[in-house]
Amino acid sequence: MLSLVVGGLRTRWASLLGGFLALALGAGMLTATGLGLAAALDPPPRAPERFASSPVVVLGQDRLTVEVRRGPGTALISRPLDRPQPVDTGVLRELRARWTLTGAGTAAPDAVGLDAPVAEVRAVVGDRAQVLTGADRRRADPGHEADTRELTGLNALLGTTGGVAAFVSVFVVASVFAFSVALRRREFGLLRTAGATPAQVRRLLLAEAAVLGVTASAAGCALGALAAPPMARALVARELAPAWFATAAGGSAGWPYHAAFWTGLVVALAGAAAAAHRAGRTGPTAVLREADVDRDVLPAGRALLGAGLLATGLGLLFWTYGTEPEALLKRKTYTTLPMLLIGGAALLAPLLVRPVARLLPVPGGGAVGLLVRANAAAAVRRTSAVAAPVLVTVALAGTLFGASESVARAKEAEARERTAASYAAEAGPTSLFVRDGAEAVVKYRARAVADPAAFAGLARLPVVAGDLRDLDDRSIVVNEEFERRRVGEEVEVWRADGSGPVRLRVAAVLARGTGDNGPYVTRAQAPGTAPDRPDRLEPGAEPRPVNQAARAGLRLLLGLVLLYTVIALASTLLMATSVRGGELAALRLAGATRAQALRAVTGEALLAVAVGAVLGVAVTAAVLGALGAALAALSAPVTLALPWAETGAAAAVCAAVAVAASALPAWRLSR
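Residues numbered from 1 in each chain as written. Predicted model: local features only at pLDDT ≥ 70, side-chain atom pairs only at ≥ 80, totals over all residues. Heavy atoms only, no water.

Asks: What is the right way to look at the overall build of the chain in this model?
Replies: Per the secondary structure count, the chain includes 19 helices and 14 strands. Considering the chain as a whole, with its 671 residues, one finds that 50% of them fall into the buried category. Nonlocal contacts in the chain, meaning residues at least 24 apart in sequence, comprise 79% of its contacts between residues at least 6 apart. Carbon and sulfur atoms form 61% of the exposed surface of the chain, whose accessible area is close to 29,600 Å². (Helix = DSSP H or I, 4+ residues; strand = E, 2+ residues; numbered from the N terminus. Buried < 20%, exposed > 50% of the residue type's maximum accessible area, 1.4 Å probe, protein only. Contact = heavy atoms within 4.5 Å. Areas by Shrake-Rupley, 256 points an atom, 1.4 Å probe, with all protein chains shown as cover.)

The following block contains the structure:
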């Protein structure tokens, strides 16, 4: 068996090259992103800056701890504060009485350094503050919170990139394997005629997939280890990671290699499993009869899985819109939820390509156009194998760019509508911790108003109850997301520095909007805040640019998906066209010129790309339609951005690759 497998791989290396490249690229991306995650989750120790000369640092409490109900009893939960609290004055007095303090020149320092035995310092401080030593002293540095936020965003970006790489590689590898097996039906028929059992045919294909998976995954791990350091430098250059972020050459963590290698092997075996089952479940005569005719192109298992994914994706869209519409505005949702729709549509592509192809104009026109449409409808496997990766690319480009830019534009339009002034100093940002029932404490990003009367006169907030003019030092303006949102009710809150709790009366209630509608308090409930920079907010003003870091991350994802699509299209069309020598010869004998034969082949490829693009646009329309409905339900401006540039560029790249990958072998065969 092994010699047969190795001989088959050596003979058909060209047809399996696409699967090998897709697996190697996927394993490489998983390795590189895994090494990046390992470096972000366990950053290298860095010397403290603020208290570099102090062996011991006493830092004020930087977390709010509140007792909540858990079942029949209670439990303590913690939430991070915006900034550490000042060190308790009693602690400072006792420390000064025994040791010399560093950094204690201000009236209420948030941290002090000293050179003293740690055990004695802990005995003096107790639980009134935190005692830090070694690398933990960096927690007192000014940039520690900013680094933490950047690492959190970096983790999300790398995790999303790795997830998309795994998602797309599954479809690419499965598509390449399925089409490769479909082209080898005559070979399997001969094996069955020679006495091979269905189990032996299945084992042959799975063994080929295992050898391919092991070699490709190993190559991908090596590639990822080499790519991780330059990837880290690129992330720093684009301000997606802290300036000190780096991964070691080769990577020191072991788990990313294991995750990438075994994922690649599982993807290879999973991609070949369905094709192997199909190749082994029919008899010799049936296999030989199917060698030239596409029949049973959508097995029941694939149809059920595709319909299930599509129904689940649509159901989650409707359910999220009906129960939690604000979730549709979050990147985690509009990045992951479309994958269900994309997966379902890609699996059902053999069922969808014929009706979609009938609706599209056919390139070539005349007799060539008629031939293009007939061949595309007859060769469903070939058409769907080309359309599926295009669908994935166009849909991901449309949903990712469209949703992110739509949310950004809605936020900007909402900001312009919040005030009647041409220029305004926005209320200062702060945080409030609000008890949500007896079981939870929620941290809200809030705004602090310096002059409530001026605020009420200039603000154009979407008030659904109450009056902004009633805002004072003992009240709060909430939005509909709050549990207690009736005017006159009291809300228990803790301030950004952890002080409290205080009970504030609800003065007004706002619509939820995109998430920036409140809450609002006065400066008395937001110690240490300052107004934001003045912004031009008059109607017609140019909107702020979309977050460039997020844009760079999306471009990285789109580039990755496009690379996968190029591999899938090139390998599929090279395989498909290379076995059409007899068909092209028949065309020439029927009177077709060489140019007409080439036009027919490339026209089929373009039609398949167009089918995939149309299906991708349909998925994009469903996601953006749900997003628009969610914005309307939240009383936010509905400003949907249709990413024609991104989807058009993705479709154009797919079309160019499809034409080249089909024209080159057709030109050689039609000589």
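From this point, the discussion proceeds with the structure in view.
Asks: How should I be thinking about the pairing of strand S8 (residues 440–449) in this particular structure?
Replies: The two faces of a sheet get side chains in turn, since along a regular strand they alternate between them. Alignment of strand S7 (residues 428–436) against S8, held across nine bridges, turns out to be antiparallel. Residue pairing across strands places aspartate 436 opposite alanine 440, the latter belonging to S8. From the end of S7 to the start of S8, which pair antiparallel, there are three residues, and glycine 437 there has a positive phi angle of about 70 degrees. Pairing analysis gives three bridges linking S8 to strand S13 (residues 520–522), with the strands arranged parallel. Residue pairing for S13: alanine 448 is matched across the bridge by valine 521. (Pairing = 2+ DSSP bridges.)

Asks: What's the story with the pairing of strand S10 (residues 475–479) in this structure? I'm lost.
Replies: Extensive coverage of S10 is indicated by the burial of five of its five residues. Residue alternation in S10 divides its side chains into two sets, Ser475, Val477 and Asn479 and Ile476 and Val478, and both sets are buried.

Asks: When you look at the confidence of the model for the chain in this model, what are you seeing that I'm missing?
Replies: Caution applies to low-pLDDT parts of the model: their predicted coordinates are not meant to be read in detail. Counting all residues, the mean pLDDT for the chain is 82, and 89% of those residues have values of 70 or more. Scored below 50 in pLDDT, residues 532–546 shows 36 contacts in the model against residues more than four places distant or in partner chains. (pLDDT = per-residue confidence, 0-100.)

Asks: Any chance you could explain the pattern of salt bridges here in plain terms?
Replies: One side chain can pair with another of opposite charge once the charged atoms of both are near each other. By the definition in use, this model includes 13 salt bridges. Residue glutamate 94 is joined to arginine 128 by a salt bridge in which the shortest nitrogen-to-oxygen separation is 3.3 Å. Linking glutamate 94 in helix H3 (residues 89–98) with arginine 128 in the loop between helix H4 (118–125) and strand S5 (130–133), this pair joins segments that are 34 residues apart in sequence. Judged by relative accessible area, which is 35%, glutamate 94 ranks as partly exposed. (Salt bridge = Lys/Arg side-chain N within 4 Å of Asp/Glu carboxyl O.)

Asks: Please clarify how the environment of alanine 222 should be interpreted in this entry.
Replies: Within the secondary structure, alanine 222 sits in helix H7 (residues 198–237). Looking at alanine 222, the relative accessible area reads 45%, which means it is partly exposed. A sequence separation of 191 residues divides alanine 222 from threonine 31, and the C-alpha atoms of the two residues are 8.5 Å apart.

Asks: What exactly am I supposed to notice about the sheet that holds strand S1 (residues 56–59) here?
Replies: Neighbouring strands of a sheet are bound in pairs by backbone hydrogen bonds; such pairs are parallel or else antiparallel. Spatially, the three strands line up as an open sheet ordered S4-S1-S5, and their pairing is antiparallel. What marks the edges here is a single partner per strand, and that holds for strand S4 (111–114) and S5. Going from strand to strand, the sheet's axes swing by 25 degrees on average, the running direction of each strand aside. Note that S1 and S4 share four bridges and pair antiparallel. Paired with valine 56 across the bridge in S4 is leucine 114. In this fold H4 packs onto S1, S4 and S5, with an angle of close to 165 degrees to the strand it touches most, S5. (Axes fitted to C-alpha atoms, helices over the stretch in contact; angles between N-to-C directions.)

Asks: Could you clarify how one ought to interpret empty space enclosed by the protein in this entry?
Replies: Empty space among the atoms can be located by rolling a probe the size of a water molecule over them. Summed over the entire model, instances satisfying the criterion amount to four cavities of 30 Å³ or more. Space inside the largest cavity adds up to approximately 90 Å³. Lining the largest cavity, in full, are Ala376, Arg382, Thr383, Val386, Leu573, Thr577, Arg580, Val601, Glu604, Ala605, Ala608 and Ser662. The set of elements that each furnish at least two residues to the lining of the largest cavity consists of helix H14 (380–417), helix H16 (548–578) and helix H18 (594–633). The dominant element in the lining of the largest cavity, judged by the number of residues it contributes, is H18, at four residues. For the lining of the largest cavity, a count of residues per class yields six nonpolar, three polar and three charged. Each pocket or cavity is described by its volume, and for the second largest cavity that value is around 70 Å³. Elements with a contribution of two residues or more to the lining of the second largest cavity: helix H11 (331–347) and H18. Counting residues per element, the lining of the second largest cavity draws most heavily on H11, at four residues. Tallied by class, residues from the lining of the second largest cavity come to nine nonpolar, one polar and no charged. (1 Å grid on protein atoms, 1.4 Å probe; cavity = no way out; pocket = protein on both sides within 12 Å on 5 of 7 lines; lining within 4 Å. Points joined across faces, edges and corners; volume = space filled by probe spheres on them. Nonpolar A, V, L, I, M, F, W, Y, C, P; charged D, E, K, R; others polar.)

Asks: What is the right way to read the packing of H18 against helix H19 (residues 644–669) from this model?
Replies: Each pair of packed helices can be described by the angle between their axes along with the distance between the axes. Across the interface, H18 lies against H19 with an axial gap of 9 Å and an inter-helix angle of 145 degrees. Regarding H18 and H19, the two cross each other, and that crossing is right-handed. Across the interface between the two elements, Arg594, Leu598, Val601, Thr602, Ala605, Leu606 and Val609 of H18 pack against Ala651, Cys654, Ala655, Ala658, Val659, Ser662, Ala663, Ala666 and Trp667 of H19. Of the residues in the contact of H18 with H19, the class split is 13 nonpolar, two polar and one charged. (Left-handed = near helix turned anticlockwise from the far one by under 90°.)

Asks: Explanation requested: the nonpolar core in the structure shown.
Replies: Nonpolar side chains tend to gather and get buried jointly when the protein is soluble and globular. Counting residues in hydrophobic clusters, the biggest one holds 74 residues, and the most contacted among them are Val168, Ile342, Tyr564 and Val611. Contact partners of isoleucine 342, with chain neighbours within four places excluded, come to Phe167, Leu391, Val392, Ala395, Leu396 and Val619. Judged by nonpolar contacts, the second largest core, of 17 residues, contains Val56, Leu101, Ala104 and Ala116. (Core = buried A, V, L, I, M, F, W, Y, C linked by side-chain atoms within 4.5 Å.)

Asks: Before we go on, may I ask you to explain the packing of aromatic side chains in this structure?
Replies: Think of a pair of aromatic rings as described by two things: how far the centres are apart, and how the planes are tilted against each other in angle. Tallied over the entire structure, the rule returns three aromatic pairs. Taking 5.1 Å as the distance between ring centres and 90 degrees as the angle between the ring planes, the aromatic pair formed by phenylalanine 261 and tryptophan 262 counts as edge-to-face. With a centroid separation of 5.1 Å and 40 degrees between ring planes, the pair formed by phenylalanine 455 and tyrosine 520 is classed as tilted. Remark: tyrosine 520 occurs in strand S13 and phenylalanine 455 occurs in helix H15 (residues 452–458); sequence separation between them is 65 residues. Exposure class is identical for phenylalanine 455 and tyrosine 520. Each is buried. (Phe/Tyr/Trp six-rings, centres within 6.5 Å; stacked < 30°, edge-to-face > 60°.)

Asks: Is there a simple way to think about unusual backbone geometry in this case?
Replies: For residues besides glycine, phi is generally negative; the peptide bonds are generally trans as well. Of note in the backbone geometry, serine 635 takes a positive phi value of approximately 60 degrees without being a glycine. Structurally, the position occupied by serine 635 is in the loop between H18 and H19. Serine 635 gets classed as partly exposed once you look at its relative accessible area, which sits at 44%.

Asks: Honestly, the side chain of aspartate 497 in this entry has me stumped. Any pointers?
Replies: Inspection of the secondary structure assignment puts aspartate 497 in the loop between strand S11 (490–494) and strand S12 (502–510). A distance of 2.7 Å separates the side chain of aspartate 497 from the side chain of serine 499, its partner in a polar contact. Residue contacts for aspartate 497: discarding those within four places in its chain leaves Leu81, Gln85 and Pro527. (Polar contact = N/O pair within 3.5 Å; in protein donor to acceptor, adjacent residues only side chain to side chain.)

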